[in-house]
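Listed below are the residues making up each chain.
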Amino acid sequence: MQPKISGVILAGGLATRMGGNDKGLTLLNGLPLYKHIANKLRPQVDELILSANRNLEIYRQSRYQVITDLTPDFSGPLAGMLATLKSASHDWVIFVPCDVPDFPADLVARLWQGKQQALAAYADDGNRTHPTLALLHRSLVFQLSSYLADGDRKLMLFMHKIGAIAVQFADNPTAFTNLNTPEECQNWEHIQEIKKMSTKPPLPLLGITAYSGTGKTTLLKKVIPLLRQRQIRVGLIKHTHHDMDIDKPGKDSYELRKAGAKQTLVASQQRWALMTETSDSPALDLNYLANRFDSDSLDLILVEGFKDEPINKIALYRRIINRPFSDLLDQHVIAVASDEKLETALPQLNINQPEQVADFIVNWLNIKR
């Protein structure tokens, strides 16, 4: 049976490859690195301790116990281990460095099961050892104190001296990737975004297609509030053939973008907008644009324009346009909204009754779900 275990996040190093910035406080997807570790380690342990030597007031805002090294010389992870072993409430203590955000969610259980009768165990991914991800018994305090007093600092050598067991995690070697530089943090964020996009089901896309002058925007201005009343959260993609610019000359964001920023994000308390220069792109990709949306906050993306895209569409038609209705149809049109009866087997809606269009969209969306 697994006993109560104290968890320690090691965040007390100098982080020289981070430009001297406190690594534990480096933002990763908007959250300090140490909080990524805390969120994953806290459910595995019975108390959580932060080992830190700088920015102590910031760390203390986490409400976890913050322990500094016993000496002020930043002498490495063993110094943090010694100080926190002395302060831990429980006999067994698990250590995780602040720069390994993907460490296994079952790290504690597997180290406990794999340690056998030893007083210490550490992770091995099948290619490399990771002694900073280790489980130690508090009785090792005396050996660790003597080891450091003799001037030794090598963590792996200490593990060998105390007979620590290497526990295999070869089934998940990438979980132990550590982030040492700002570039590695940026790459991690990019990879997480790709994973997020690949695992989430795509948002349903529904096109609104029509001849110019039919009133696509006029209808959508009435349909979108009706969908919101029905608890449907709507995103919108609108295609324009004009040289569109939502920014204004003279504004700081405009000047910085014109100076060469490829992407510019302007944010306020009310909204934010990401402007991306596409002059080098051969064509707009609808799926790429749809993936820019936050799928957690939407149920549906309506698409105005992009009439040739292979997505479900509602075709709008008015008699006054006096152009062939059949030219609007392709295999992806699922309904027609018009002000006259048309020769088609497709469901027909009254373009002048936006409630009909909204009801049709809700029913279609329920089927898609």
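- If you check an unreviewed UniProt entry, the protein appears there as Molybdenum cofactor guanylyltransferase from Photorhabdus australis subsp. thailandensis.
- Note on the protein: under the UniProt heading Catalytic activity (unreviewed entry), the record states "Mo-molybdopterin + GTP + H(+) = Mo-molybdopterin guanine dinucleotide + diphosphate".
- You can read under Subunit (unreviewed entry) in the UniProt record for the protein the words "Monomer."

1. Some remarks on the overall build of the protein
And then number 1: Regarding its fold elements, the protein presents 11 helices and 17 strands.
And then number 2: Compactness check: the protein gives a C-alpha radius of gyration of 29 Å against a globular reference of 21 Å for 369 residues, more than 25% above the reference.
And then number 3: For the C-alpha atoms alone, the extent of the protein along its principal axes is close to 95 × 55 × 35 Å.
And then number 4: When burial is assessed residue by residue, the protein has 44% of its 369 residues classed as buried.
And then number 5: Taking all contacts inside the protein whose residues are at least 6 apart in sequence as the whole, residues at least 24 apart take part in 66%.
And then number 6: With an accessible surface of roughly 20,700 Å², the protein has 50% of that area assigned to carbon and sulfur atoms.

2. Here we look at helix 3 (residues 77-87)
And then number 1: With 8 of 11 residues buried, helix 3 is to be regarded as a mostly interior element.
And then number 2: Within the span of helix 3, buried status applies to Leu78, Ala79, Gly80, Met81, Leu82, Ala83, Thr84 and Leu85.

3. Looking at the side chain of serine 6
And then number 1: Structurally, serine 6 can be placed in strand 1 (residues 5-11).
And then number 2: Separated by 2.6 Å, the side chains of serine 6 and glutamate 47 make a polar contact.
And then number 3: In contact with serine 6, not counting residues within four places along its chain, are Val45, Glu47, Ala88, Ser89, His90, Trp92, Val93 and Ile94.

4. Focus on the side chain of serine 62
And then number 1: Along the polypeptide, serine 62 turns up in the loop between helix 2 (56-60) and strand 5 (65-67).
And then number 2: A distance of 2.6 Å separates a polar side-chain atom of serine 62 from the backbone oxygen of tyrosine 59.
And then number 3: Within the local environment of serine 62, its side chain forms a polar contact with the backbone nitrogen of tyrosine 64, the two atoms lying 3.3 Å apart.
And then number 4: Other than its neighbours up to four places away in sequence, serine 62 contacts Tyr34 and Leu50.

5. A short note on the sheet that holds strand 7 (residues 120-124)
Strand pairing within a sheet occurs via backbone hydrogen bonds; the two strands may be parallel or antiparallel.
And then number 1: Judged by pairing direction, the sheet is mixed, and its 7 strands sit side by side in the order 5-4-1-6-8-7-9 without closing on themselves. Looking at which strands have only one partner, the edges of the open sheet turn out to be strand 5 and strand 9 (165-168). Averaged over all adjacent pairs, the angle separating strand axes in this sheet is 30°, with direction ignored.
And then number 2: Contacts from helix 3 reach strand 1, strand 4 (47-52), strand 5, strand 6 (92-97) and strand 8 (129-137), with the element oriented near 20° to strand 8.

6. Points about the domain arrangement of the protein
And then number 1: What the domain assignment reports for the protein is domain 1 (5-194), domain 2 (202-239 + 285-368) and domain 3 (245-283).
And then number 2: In this structure, domain 2 and domain 3 have C-alpha centres spaced 29 Å apart.

7. Comments concerning the UniProt feature "binding site: GTP" (unreviewed entry) in the protein
And then number 1: Here the UniProt feature "binding site: GTP" (unreviewed entry) sits at Leu10, Ala11, Gly12, Lys23, Asp69 and Asp99.
And then number 2: The residue leucine 10 is located in strand 1 in this model.
And then number 3: Ignoring any residue separated from it by four or fewer positions in sequence, one finds leucine 10 in contact with Ser51, Pro77, Gly80, Met81, Phe95, Val96, Pro97, Cys98 and Thr132.
And then number 4: Relative to the assigned elements, lysine 23 resides in the loop between strand 1 and strand 2 (27-28).
And then number 5: For lysine 23, a relative accessible area of 14% gives the class buried.
And then number 6: Those residues within four positions of lysine 23 in sequence are excluded, and the remaining contacts are Ala15, Met18, Leu33, Cys98, Asp99, Leu179 and Asn180.

8. Focus on the pattern of salt bridges
And then number 1: The final tally for this structure, using the stated rule, is 9 salt bridges.
And then number 2: Here lysine 307 makes a salt bridge to aspartate 308, at a shortest N to O gap of 3.5 Å.
And then number 3: One network of salt bridges, in which partners are shared, links Asp106, Arg110 and Asp171.

9. So, the sheet that holds strand 16 (residues 333-338)
And then number 1: Sheet architecture is open: 6 strands sit in the order 11-14-10-15-16-17, paired in parallel fashion. If you trace the sheet from one side to the other, it starts and ends with strand 11 (234-238) and strand 17 (348-350), each paired once. Adjacent strand axes in the sheet meet at a mean angle of 25° when their direction is disregarded.
And then number 2: In the packing of helix 8 (residues 216-229) onto the sheet, contacts are made with strand 10 (205-209), strand 11, strand 14 (300-304) and strand 15 (313-317), and the angle to strand 14 comes to roughly 170°.
And then number 3: On the sheet, helix 11 (residues 354-368) packs against strand 10, strand 14, strand 15, strand 16 and strand 17 and is oriented at approximately 140° with respect to strand 17.

Quick notes on the rules
- Residues numbered from 1 in each chain as written.
- Predicted model: local features only at pLDDT ≥ 70, side-chain atom pairs only at ≥ 80, totals over all residues.
- Heavy atoms only, no water.
- UniProt positions renumbered as here; feature names shortened; annotations may be inferred.
- Helix = DSSP H or I, 4+ residues; strand = E, 2+ residues; numbered from the N terminus.
- Rg over C-alpha atoms; globule rule 2.2 N^0.38 Å.
- Buried < 20%, exposed > 50% of the residue type's maximum accessible area, 1.4 Å probe, protein only.
- Contact = heavy atoms within 4.5 Å.
- Areas by Shrake-Rupley, 256 points an atom, 1.4 Å probe, with all protein chains shown as cover.
- Polar contact = N/O pair within 3.5 Å; in protein donor to acceptor, adjacent residues only side chain to side chain.
- Pairing = 2+ DSSP bridges.
- Axes fitted to C-alpha atoms, helices over the stretch in contact; angles between N-to-C directions.
- Domains from an automatic or database assignment.
- Salt bridge = Lys/Arg side-chain N within 4 Å of Asp/Glu carboxyl O.

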